[in-house]
Amino acid sequence: MLNGDTRVALTGQNRLAVNMDESSLIRAAQAGDQDAFERLVRGYDQSVLKLAYSLLRSADDAQDIYQEAFLRVHKNLHQFRFDCSFHTWLYRIVTNLCLDLLRKRKVRKEESSVVDTAEGPRDRAELTGDTRASIDPQRALVSGQLRQRIDAVLGELTARERMVFELRHFEGMRLRAIGEALGTSEEAAKNCLFRVTQKMRVALGDFV
Amino acid sequence: MKLACDSVRENLSLLLYGELSFTEEEAVQAHLQGCTECRAALDTERAWHDGLALATVEPPADLLVKCRQQLRANLPEPVPQNWLQRLWRGLDLNLNLRSLAKPAMALGLVAVGYLGARLPNLTEAPQETAAAHVRYVEADAAGNVRIVLDETKPRIVSGRTDDPQVRRWLLAAAREANDPGLRAETVALLQGGVEAVDVRRALVSALESDPNPGVRLKAIEGLRRHAGERDTRQALMRVLTADENPGIRTQAIDLLTESGPRSLDAQMVGALQQLMRREENGYVRQRCEKALRLANASAEIF
């Protein structure tokens, strides 16, 4: 907040002026250029974190996925041969890590109803994507009920169904790219999405 | 006919996602033209898709920054470029007797450092920490090489956030930083100084033009106390019809109407009616209709 102490790190404009394309960045990072690696990470890390947080609803888990994914990228980047896009290669790593964790959670049935938020832990049912629901109790109620129904359906999905739905609905990825990331066909991803939308329609169709 | 309707309805989501093949989409569209019930089912399908948009969660604004810091700390150290570092690293990694050798080496290094300080710099290596990229190289006939580098040198500015210099950099970062996580953090820092006109302007600018919804949400939160002011209200009304994020449009409606009916002047009612004409999100429409009822105004423009 204002009036607190602040440190502002200035990196200069000429850093932005160097316009390397992604292939050059990858090659530089493969050759050991840490700055190129960092810039490569920054091109994707926000969407990776958003995907992990959205799937796992836990800041700690999302942070773990972020670390593990980019450390694996760093370790194995020398093996990247440009035979697919870097996005696809990265998402293969990220989706595998998330799927593993989702499956473990399913087995342990440890999915918590408590979600980490910037304001601290909150019950999932309270979360509506609206940080000011307290202004209008009726709105909070309707949104909360909707959220509960959505969570109930999401909780019933298999890890793979959950992943496909997240990538298609929230990340806007095409089914073909989802198939590539998950190591399956576009048709299989489509069938998976089809099953999820049927479940969503049954759960939410009468609510809206 | 019934079977055709069932088949169409099962594919409505894939239609909305644009994931039907050309032939499938043609068949569904042709059916929809002649079937009122299936068109109503498509509206319902679209409504629950919209409802899901409201259920999205964004990671806490500071999480990205934390992750980046942690990653930087966890990455293996880059291979040192300086000959002294290479020597030390080689000894450190390869010699089994390094524990015995270290005191002697430390003494040796002190001596090297003492002598080194009295000798001219032979290596021409950069003395400050800087990231550098080679822009171009050129060689002349005599065998000399000229290398042009783009260098970035970090600089720290510290102080309280009401310090004019710190404030100036925060305002610049809120506008120009390439990194949305940094912009979100900066806008959050600026929220407490919203009484200042330049901060308010920066928040309005972030609200209207930042490409990242997380940053825009921070900006709209910061403007809450000043929602009654003319410039802020004008910006919020523009956001109503311009912002692509339904959560932000909903927040804008709430801020504009939270003072009750007295805040709903003719211009505001006009803006809400305008929104009703184009709004596709069921939940935002519902909020908008409620605000118009509060103002005793029609949801339609006649």
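Fair warning: this is a prediction, and the values are worked out from it, not measured in the lab.

Reading the values: the criteria
- Residues numbered from 1 in each chain as written.
- Chains lettered and ligands numbered in written order.
- Predicted model: local features only at pLDDT ≥ 70, side-chain atom pairs only at ≥ 80, totals over all residues.
- Heavy atoms only, no water.
- Helix = DSSP H or I, 4+ residues; strand = E, 2+ residues; numbered from the N terminus.
- Buried < 20%, exposed > 50% of the residue type's maximum accessible area, 1.4 Å probe, protein only.
- Contact = heavy atoms within 4.5 Å.
- Areas by Shrake-Rupley, 256 points an atom, 1.4 Å probe, with all protein chains shown as cover.
- Patch = residues over 30% accessible without salt bridge, like charges linked within 9 Å, V, L, I, M, F, W, Y side chains within 5 Å.
- Salt bridge = Lys/Arg side-chain N within 4 Å of Asp/Glu carboxyl O.
- Polar contact = N/O pair within 3.5 Å; in protein donor to acceptor, adjacent residues only side chain to side chain.
- Axes fitted to C-alpha atoms, helices over the stretch in contact; angles between N-to-C directions.
- Parallel < 35°, antiparallel > 145°, perpendicular 65-115°, else oblique.
- Left-handed = near helix turned anticlockwise from the far one by under 90°.
- Nonpolar A, V, L, I, M, F, W, Y, C, P; charged D, E, K, R; others polar.
- Expected span 1.5 Å × (residues − 1).
- Arc of directions from axis to C-beta.
- Core = buried A, V, L, I, M, F, W, Y, C linked by side-chain atoms within 4.5 Å.
- Phe/Tyr/Trp six-rings, centres within 6.5 Å; stacked < 30°, edge-to-face > 60°.
- Lys NZ or Arg CZ within 6 Å of the ring centre and 35° of its normal.
- pLDDT = per-residue confidence, 0-100.

(A) Structural view of the overall build of chain A. Looking only at helices and strands, chain A has 9 helices and 3 strands in total. For chain A, the α and β elements follow one another from N to C terminus as β-α-α-α-α-α-β-β-α-α-α-α. When the 208 residues of chain A are sorted by exposure, 49% land in the buried category. In chain A, 62% of the contacts between residues at least 6 apart in sequence involve partners at least 24 apart. Counting only carbon and sulfur atoms, one obtains 48% of the accessible surface of chain A, whose full area is about 9,900 Å².

(B) Inspection of the overall build of chain B at higher detail. A count of helical and extended segments in chain B gives 15 helices and 3 strands. Taken over 302 residues, chain B has a buried fraction of 40%. Element-wise, carbon and sulfur atoms account for 53% of the exposed surface of chain B, whose accessible area totals about 17,500 Å².

(C) Inspection of unusual backbone geometry at higher detail. Residue and element names in this part refer to chain A. Positive phi, normally seen in glycine, also occurs at Arg 57, with a value near 55°. Considering the arrangement of structural elements, one finds Arg 57 in the loop between helix H3 (34–56) and helix H4 (59–76). What makes Arg 57 buried here is its relative accessible area of 4%. Despite not being glycine, Phe 82 shows a phi value in the positive range, around 60°. With respect to the secondary-structure elements, Phe 82 resides in the loop between H4 and helix H5 (86–108). For Phe 82, a relative accessible area of 30% puts it in the partly exposed group.

(D) Molecular detail of a nonpolar patch on the surface. Residue and element names in this part refer to chain B. On the surface, Val 134, Val 137, Val 145, Ile 147 and Leu 149 cluster together to form a nonpolar patch covering roughly 470 Å² of accessible area. Listed by contribution, the elements that provide at least two residues to the nonpolar patch are strand E1 (131–139) and strand E2 (145–152). For the nonpolar patch, the element with the most residues is E2, which contributes 3 residues. Positionally, Val 145 belongs in strand E2.

(E) The environment of Ser 85 of chain A, seen in detail. Residue and element names in this part refer to chain A. Topologically, Ser 85 is positioned in the loop between H4 and H5. Ser 85 sits in the partly exposed class, given a relative accessible area of 38%. Distance in space between the C-alpha atoms of Ser 85 and Ser 23 is 9.7 Å, their sequence separation being 62 residues. A distance of 2.9 Å separates the side chain of Ser 85 from the side chain of Thr 88, its partner in a polar contact.

(F) Structural view of the packing of H3 of chain A against helix H7 (residues 159–170) of chain A. Residue and element names in this part refer to chain A. Between H3 and H7, the least distance of the axes is 11 Å, while the angle of their chain directions is 130°. Here H7 runs oblique to H3, going by the angle between their axes. Note on packing geometry: the crossing formed by H3 with H7 is right-handed. Contacts between H3 and H7 pair Lys 50, Leu 51, Ser 54 and Leu 55 from the former with Arg 162, Met 163, Glu 166, Leu 167 and Phe 170 from the latter. Of the residues in the contact of H3 with H7, the class split is 5 nonpolar, 1 polar and 3 charged.

(G) Region of interest: helix H3 (residues 22–34) of chain B. Residue and element names in this part refer to chain B. Taking 1.5 Å per residue as the helical rise, H3 with its 13 residues ought to reach 18 Å, and the 19 Å between its terminal C-alpha atoms agrees with that figure. Taken together, the buried positions of H3 are occupied by Val 28, His 31 and Leu 32. On an axial view of H3, the arc spanned by its buried residues comes to 100°, and they lie on one face. Across from the buried face of H3, at angles greater than 90 degrees, the exposed residues are Phe 22, Thr 23, Gln 33 and Gly 34.

(H) Focus on the nonpolar core. Of all hydrophobic cores here, the largest spans 81 residues; its most connected members are Val 73, Leu 77, Phe 86, Leu 90, Phe 165 and Met 200 of chain A. The element best represented in this core is H3 of chain A, accounting for 12 residues. Beyond its immediate chain neighbours, meaning those up to four positions away, Met 200 of chain A contacts Val 153, Leu 154, Phe 165 and Gly 205 of chain A together with Trp 48 and Leu 52 of chain B. Counting residues in each nonpolar core, the second largest holds 42 residues, with Ala 174, Met 237, Met 276 and Leu 292 of chain B among its members.

(I) Fine view of the packing of aromatic side chains. Residues and elements named next belong to chain A. Per the counting criterion, the structure on display carries 7 aromatic pairs over all chains. An aromatic cluster is built from Tyr 44, Phe 80, Phe 82, Phe 86 and Trp 89, whose rings are joined through pairwise contacts. Stacked on the ring of Phe 82, the Lys or Arg Arg 27 has its end atom at 4.4 Å from the ring centre.

(J) Broad picture of the side chain of Asn 281 of chain B. Residue and element names in this part refer to chain B. Among the secondary structure elements, Asn 281 is positioned in the loop between helix H14 (266–278) and helix H15 (282–294). Of the residues examined, Asn 281 reaches a relative accessible area of 5% and is grouped as buried. A distance of 2.9 Å separates a polar side-chain atom of Asn 281 from the backbone nitrogen of Tyr 283. Of note is the side chain of Asn 281, whose polar atom sits 3.1 Å from the backbone nitrogen of Val 284.

(K) Local environment of the pattern of salt bridges. All told, the structure shown has 26 salt bridges over all chains when counted by the stated rule. Here Asp 62 of chain B ties to Lys 66 of chain B by a salt bridge, and the two come within 3.9 Å at their closest N and O atoms. Judged by its relative accessible area of 42%, Lys 66 of chain B is partly exposed. Of the charged contacts, one joins Asp 198 of chain B and Arg 167 of chain B as a salt bridge, the two residues approaching to 3.5 Å between their closest N and O atoms. Of this pair, Asp 198 of chain B sits in helix H10 (residues 197–209) while Arg 167 of chain B sits in helix H8 (residues 164–176), and the two are 31 residues apart along the sequence. A residue is classified by how much of its surface remains accessible, and Arg 167 of chain B, at 13% relative accessible area, is buried. Each of Glu 38 and Arg 42 of chain A together with Arg 72 of chain B takes part in salt bridges that share partners, so that together they form one network.

(L) How the structure looks around the confidence of the model for chain B. Residues and elements named next belong to chain B. Predicted confidence across chain B gives a mean pLDDT of 79, with 79% of residues reaching 70 or more. Mean pLDDT values over the elements of chain B span from 48, in helix H6 (residues 83–94), up to 93, in helix H2 (residues 12–17). Taken as a whole, residues 89–100 scores under 50 in pLDDT and shows 6 contacts with residues more than four places along the chain or in a different chain. Residue range residues 119–129 is modelled with pLDDT below 50. Its contacts to residues more than four positions away, or to other chains, number 5 contacts. Scored as a complex, the prediction yields pTM 0.53 and ipTM 0.76.

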